Amino acid sequence: MGTSERRQREKENLRRAILEAARELFVDHGFDNVSMRKIAERIEYSPTTIYLHFKDKEEIFATLVEEGFTLLSERLEPFHIRVADPIERLREGAKAYFGFAREQPHFYRIMFDMKSVVMTESAWEEIRDNAHYRAGVRAFGFIVRCVHEGIAQGKIPHGDASEANILLLSHVVWSSLHGVVSLVLADRLLKMPCDLPETAARLLLDATIDNTLRGLTGK
(Lines give C-alpha, C1' and ligand atoms only; values in the text may rest on other atoms or scores of the structure.)
Protein backbone atom coordinates (compact mmCIF):
# COMPACT_ATOMS: atom_id res chain seq x y z
CA MET A 1 0.00 0.00 0.00
CA GLY A 2 1.36 3.40 -0.99
CA THR A 3 1.56 6.47 1.21
CA SER A 4 -1.49 8.16 -0.31
CA GLU A 5 -3.62 5.03 0.05
CA ARG A 6 -2.54 4.61 3.67
CA ARG A 7 -3.37 8.23 4.47
CA GLN A 8 -6.77 7.90 2.84
CA ARG A 9 -7.52 4.79 4.88
CA GLU A 10 -6.43 6.55 8.07
CA LYS A 11 -8.68 9.47 7.20
CA GLU A 12 -11.64 7.17 6.59
CA ASN A 13 -10.98 5.26 9.82
CA LEU A 14 -10.88 8.48 11.83
CA ARG A 15 -14.10 9.73 10.25
CA ARG A 16 -15.74 6.42 11.14
CA ALA A 17 -14.49 6.69 14.72
CA ILE A 18 -15.91 10.22 15.01
CA LEU A 19 -19.33 9.07 13.79
CA GLU A 20 -19.46 6.05 16.07
CA ALA A 21 -18.43 8.07 19.11
CA ALA A 22 -20.97 10.79 18.32
CA ARG A 23 -23.73 8.23 17.80
CA GLU A 24 -23.19 6.79 21.26
CA LEU A 25 -22.89 10.20 22.91
CA PHE A 26 -26.03 11.59 21.25
CA VAL A 27 -28.10 8.64 22.42
CA ASP A 28 -26.62 8.45 25.92
CA HIS A 29 -26.58 12.16 26.73
CA GLY A 30 -28.89 13.90 24.24
CA PHE A 31 -27.98 16.08 21.30
CA ASP A 32 -27.92 19.35 23.26
CA ASN A 33 -25.52 17.94 25.85
CA VAL A 34 -22.87 16.79 23.38
CA SER A 35 -20.17 19.11 22.10
CA MET A 36 -17.45 18.69 19.53
CA ARG A 37 -15.00 18.69 22.42
CA LYS A 38 -16.78 15.76 24.08
CA ILE A 39 -16.70 13.82 20.83
CA ALA A 40 -12.98 14.54 20.48
CA GLU A 41 -12.35 13.41 24.05
CA ARG A 42 -14.16 10.14 23.43
CA ILE A 43 -11.77 9.19 20.62
CA GLU A 44 -8.74 10.90 22.26
CA TYR A 45 -8.16 13.49 19.56
CA SER A 46 -8.13 17.26 19.67
CA PRO A 47 -11.29 19.18 18.70
CA THR A 48 -9.29 20.75 15.88
CA THR A 49 -8.93 17.34 14.29
CA ILE A 50 -12.70 16.77 14.43
CA TYR A 51 -13.28 20.07 12.62
CA LEU A 52 -11.13 18.86 9.74
CA HIS A 53 -13.82 16.26 9.03
CA PHE A 54 -17.07 17.96 10.10
CA LYS A 55 -17.93 21.64 10.41
CA ASP A 56 -20.14 21.14 13.49
CA LYS A 57 -22.14 18.56 15.43
CA GLU A 58 -25.21 19.24 13.28
CA GLU A 59 -23.31 17.92 10.26
CA ILE A 60 -22.26 14.85 12.23
CA PHE A 61 -25.88 14.28 13.26
CA ALA A 62 -27.13 14.68 9.70
CA THR A 63 -24.53 12.20 8.47
CA LEU A 64 -25.67 9.65 11.04
CA VAL A 65 -29.31 10.12 10.05
CA GLU A 66 -28.41 9.59 6.39
CA GLU A 67 -26.40 6.47 7.23
CA GLY A 68 -29.23 5.03 9.30
CA PHE A 69 -31.87 5.50 6.62
CA THR A 70 -29.51 4.15 3.98
CA LEU A 71 -28.92 1.00 6.03
CA LEU A 72 -32.66 0.59 6.52
CA SER A 73 -33.35 1.08 2.80
CA GLU A 74 -30.74 -1.52 1.92
CA ARG A 75 -32.63 -4.03 4.03
CA LEU A 76 -36.03 -3.19 2.60
CA GLU A 77 -35.46 -2.67 -1.11
CA PRO A 78 -34.41 -6.26 -2.02
CA PHE A 79 -37.95 -7.38 -1.13
CA HIS A 80 -39.22 -5.56 -4.21
CA ILE A 81 -37.42 -8.22 -6.23
CA ARG A 82 -37.90 -11.21 -3.94
CA VAL A 83 -41.60 -10.82 -3.11
CA ALA A 84 -44.07 -10.07 -5.90
CA ASP A 85 -47.20 -9.72 -3.78
CA PRO A 86 -47.23 -6.17 -2.29
CA ILE A 87 -49.04 -7.26 0.89
CA GLU A 88 -46.61 -10.08 1.61
CA ARG A 89 -43.81 -7.67 0.71
CA LEU A 90 -45.09 -5.29 3.39
CA ARG A 91 -45.13 -8.18 5.86
CA GLU A 92 -41.53 -9.15 5.11
CA GLY A 93 -40.47 -5.51 5.08
CA ALA A 94 -42.07 -4.95 8.47
CA LYS A 95 -40.10 -7.87 9.91
CA ALA A 96 -36.92 -6.40 8.45
CA TYR A 97 -37.84 -3.01 9.93
CA PHE A 98 -38.21 -4.55 13.38
CA GLY A 99 -34.94 -6.41 12.93
CA PHE A 100 -33.12 -3.22 12.03
CA ALA A 101 -34.49 -1.39 15.08
CA ARG A 102 -33.44 -4.17 17.44
CA GLU A 103 -29.98 -4.58 15.91
CA GLN A 104 -29.29 -0.86 15.47
CA PRO A 105 -31.08 0.87 18.39
CA HIS A 106 -28.65 3.80 18.41
CA PHE A 107 -29.24 4.51 14.75
CA TYR A 108 -33.00 4.11 15.19
CA ARG A 109 -33.19 6.60 18.05
CA ILE A 110 -31.14 9.15 16.12
CA MET A 111 -33.24 8.68 12.98
CA PHE A 112 -36.58 9.10 14.73
CA ASP A 113 -36.54 9.99 18.41
CA MET A 114 -34.03 12.84 18.21
CA LYS A 115 -35.11 14.42 14.93
CA SER A 116 -37.28 17.17 16.43
CA VAL A 117 -34.40 18.30 18.61
CA VAL A 118 -32.37 19.63 15.70
CA MET A 119 -34.88 19.89 12.85
CA THR A 120 -36.65 23.11 13.75
CA GLU A 121 -39.53 24.53 11.73
CA SER A 122 -37.43 27.43 10.50
CA ALA A 123 -34.85 25.06 9.03
CA TRP A 124 -37.36 22.75 7.33
CA GLU A 125 -37.03 24.10 3.78
CA GLU A 126 -33.26 23.78 3.89
CA ILE A 127 -33.51 20.29 5.37
CA ARG A 128 -35.67 19.11 2.46
CA ASP A 129 -32.69 19.56 0.15
CA ASN A 130 -30.26 17.65 2.35
CA ALA A 131 -29.03 14.12 1.78
CA HIS A 132 -30.34 12.80 5.09
CA TYR A 133 -33.86 13.97 4.23
CA ARG A 134 -33.66 12.22 0.85
CA ALA A 135 -32.43 9.06 2.56
CA GLY A 136 -35.51 9.11 4.79
CA VAL A 137 -37.78 9.55 1.79
CA ARG A 138 -36.09 6.57 0.15
CA ALA A 139 -36.81 4.33 3.15
CA PHE A 140 -40.41 5.48 3.46
CA GLY A 141 -40.76 4.93 -0.27
CA PHE A 142 -40.69 1.18 0.33
CA ILE A 143 -44.03 1.40 2.12
CA VAL A 144 -45.44 3.85 -0.42
CA ARG A 145 -44.64 1.56 -3.34
CA CYS A 146 -46.20 -1.45 -1.62
CA VAL A 147 -49.38 0.48 -0.80
CA HIS A 148 -49.58 1.89 -4.33
CA GLU A 149 -49.27 -1.56 -5.88
CA GLY A 150 -51.71 -3.01 -3.36
CA ILE A 151 -54.37 -0.47 -4.35
CA ALA A 152 -53.64 -0.93 -8.06
CA GLN A 153 -54.09 -4.69 -7.74
CA GLY A 154 -57.28 -4.40 -5.71
CA LYS A 155 -55.72 -5.89 -2.60
CA ILE A 156 -56.12 -2.69 -0.58
CA PRO A 157 -59.75 -1.55 -1.00
CA HIS A 158 -59.42 1.72 0.90
CA GLY A 159 -60.20 4.76 -1.24
CA ASP A 160 -58.65 5.77 -4.50
CA ALA A 161 -55.13 5.69 -5.90
CA SER A 162 -54.54 9.40 -5.37
CA GLU A 163 -51.21 10.48 -3.97
CA ALA A 164 -52.88 11.85 -0.85
CA ASN A 165 -54.62 8.54 -0.09
CA ILE A 166 -51.51 6.47 -0.77
CA LEU A 167 -49.48 8.67 1.56
CA LEU A 168 -52.20 8.52 4.21
CA LEU A 169 -52.29 4.73 4.21
CA SER A 170 -48.49 4.56 4.11
CA HIS A 171 -48.32 6.71 7.23
CA VAL A 172 -50.85 4.45 8.93
CA VAL A 173 -48.57 1.47 8.27
CA TRP A 174 -45.43 3.26 9.39
CA SER A 175 -47.09 4.71 12.51
CA SER A 176 -48.11 1.21 13.63
CA LEU A 177 -44.60 -0.16 13.16
CA HIS A 178 -42.86 2.81 14.72
CA GLY A 179 -45.19 2.86 17.71
CA VAL A 180 -44.48 -0.68 18.81
CA VAL A 181 -40.75 -0.37 18.07
CA SER A 182 -40.53 2.75 20.24
CA LEU A 183 -42.23 0.96 23.13
CA VAL A 184 -39.91 -2.02 22.79
CA LEU A 185 -36.76 0.10 22.66
CA ALA A 186 -37.93 2.18 25.62
CA ASP A 187 -38.54 -1.04 27.58
CA ARG A 188 -42.06 0.07 28.45
CA LEU A 189 -43.98 -3.10 27.70
CA LEU A 190 -43.01 -5.21 30.70
CA LYS A 191 -43.36 -2.44 33.28
CA MET A 192 -46.30 -0.85 35.00
CA PRO A 193 -48.76 0.45 34.00
CA CYS A 194 -48.53 -1.56 30.73
CA ASP A 195 -47.41 -4.81 32.35
CA LEU A 196 -47.66 -6.94 29.21
CA PRO A 197 -46.86 -10.57 30.05
CA GLU A 198 -43.48 -11.56 28.69
CA THR A 199 -44.98 -14.42 26.68
CA ALA A 200 -47.32 -11.95 24.95
CA ALA A 201 -44.54 -9.41 24.42
CA ARG A 202 -42.68 -11.91 22.26
CA LEU A 203 -45.72 -12.11 19.97
CA LEU A 204 -46.37 -8.38 19.83
CA LEU A 205 -44.40 -7.61 16.69
CA ASP A 206 -46.10 -10.30 14.65
CA ALA A 207 -49.49 -9.29 16.03
CA THR A 208 -48.85 -5.68 15.07
CA ILE A 209 -47.99 -6.68 11.50
CA ASP A 210 -51.02 -8.99 11.21
CA ASN A 211 -53.47 -6.40 12.50
CA THR A 212 -52.03 -3.60 10.40
CA LEU A 213 -52.27 -5.62 7.21
CA ARG A 214 -55.72 -6.89 8.14
CA GLY A 215 -56.82 -3.30 8.53
CA LEU A 216 -55.48 -2.46 5.07
CA THR A 217 -56.86 -5.43 3.21
CA GLY A 218 -59.98 -6.22 5.23
CA LYS A 219 -58.88 -9.86 5.43
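Going by the structure above, here's the rest.
The following refers to the structure shown.

What counts, and where the lines are drawn
Throughout, residues of each chain are indexed from 1 in the direction in which the sequence is written. Selection of residues for local features in this predicted model requires a pLDDT of at least 70, selection of side-chain atom pairs for listing and counting requires 80 or more, and totals for whole chains, interfaces and linings are taken over all residues. Calculation of side-chain values draws on the structure's entire complement of heavy atoms; hydrogens and water are dropped beforehand. Each axis is a line fitted through C-alpha atoms, taken for helices only over the stretch in contact, and angles between the N-to-C directions span 0 to 180 degrees. In this text, helices come from DSSP runs of H or I with a minimum length of four residues, and strands from runs of E with a minimum of two, each type numbered from the N-terminal end. When describing relative orientation, an angle under 35 degrees is termed roughly parallel and one over 145 degrees roughly antiparallel, while 65 to 115 degrees is termed roughly perpendicular and anything else oblique. Contact criterion: two residues are considered in contact whenever any of their non-hydrogen atoms come within 4.5 Å of each other. In the scheme used here, Gly and all other residues not listed as nonpolar or charged are polar, with Ala, Val, Leu, Ile, Met, Phe, Trp, Tyr, Cys and Pro taken as nonpolar and Asp, Glu, Lys and Arg as charged. Pairing of aromatic rings covers Phe, Tyr and Trp, the last counted by its six-membered ring, and requires centre-to-centre distances within 6.5 Å; plane angles under 30 degrees mean stacked, over 60 mean edge-to-face, and any other angle means tilted. The cut-offs for exposure are 20% and 50% of the maximum accessible area for each residue type, with area from a 1.4 Å probe on protein chains only; residues under the lower value are buried, those over the upper are exposed, and the others partly exposed. By definition here, charges over rings are those cases where NZ of Lys or CZ of Arg is within 6 Å of the ring centre and within 35 degrees of the ring normal. To estimate the expected span of a helix, count its residues, drop one, and scale the result by 1.5 Å. Whenever Lys or Arg places a side-chain nitrogen within 4 Å of a carboxyl oxygen from Asp or Glu, that contact is recorded as a salt bridge.

## Overview of the packing of helix 6 (residues 86-103) against helix 7 (residues 105-113)
Okay, step 1: Following both chains from N to C, one finds helix 6 and helix 7 inclined at 105°, their axes separated by 5 Å at the closest point. As the angle between them shows, helix 6 and helix 7 are arranged roughly perpendicular. Note on element contacts: helix 7 touches helix 6 through P105, F107, Y108, M111 and F112, opposite Y97, F100, A101, R102 and E103.
Okay, step 2: Of the residues assigned to the contact of helix 6 with helix 7, the class counts are eight nonpolar, no polar and two charged.

## So, unusual backbone geometry
Okay, step 1: In the Ramachandran plot, E44 falls in the positive-phi region, its phi being about 60° despite a non-glycine side chain.
Okay, step 2: Structurally, E44 is set in the loop between helix 2 (36-43) and helix 3 (47-51).

## Details of the packing of aromatic side chains
Okay, step 1: The full count for this structure, using the stated rule, is eight aromatic pairs.
Okay, step 2: Look at F26 and F61: their rings are 5.9 Å apart centre to centre, the planes differ by 65°, and that puts the pair in the edge-to-face class. Within this pair, whereas F26 is found in helix 1 (residues 3-29), its partner F61 is found in helix 4 (residues 57-76), the two being separated by 35 residues in sequence.
Okay, step 3: Judged by its relative accessible area of 1%, F26 is buried.
Okay, step 4: On the accessibility criterion, F61 (3% relative accessible area) is buried.
Okay, step 5: On the numbers, 5.4 Å between centres and 75° between planes, the contact of F31 with F61 is edge-to-face. Separated by 30 residues along the polypeptide, F31 in the loop between helix 1 and helix 2 and F61 in helix 4 bring together distant segments of the chain. The burial state of F31 is the same as that of F61; both residues are buried.
Okay, step 6: Ring pairing ties together the aromatic residues F69, Y97, F98, Y108, F112 and W174, which thus form one cluster.
Okay, step 7: In this arrangement the basic side chain of K57 is found over the ring face of F31, its NZ or CZ atom lying 4.3 Å from the centre.

## So, helix 13 (residues 204-217)
Okay, step 1: If you check helix 13, its first and last C-alpha atoms are 20 Å apart, about what 14 residues at 1.5 Å a residue would give, namely 20 Å.
Okay, step 2: On the buried face of helix 13, the contacting elements are helix 6 and helix 11 (163-185).
Okay, step 3: Looking one or two residues beyond helix 13, the residue adopting positive phi is G218, at roughly 75°.

## Considering the pattern of salt bridges
Okay, step 1: Throughout the structure, instances matching the rule amount to 11 salt bridges.
Okay, step 2: A salt bridge links E67 to R16; the nearest nitrogen and oxygen atoms lie 2.8 Å apart. One end of the pair, E67, is in helix 4; the other, R16, is in helix 1, and 51 residues separate them in sequence.
Okay, step 3: Given a relative accessible area of 30%, R16 falls into the partly exposed group.
Okay, step 4: When salt bridges that share partners are traced, they join R16, E20 and E67 into one network.

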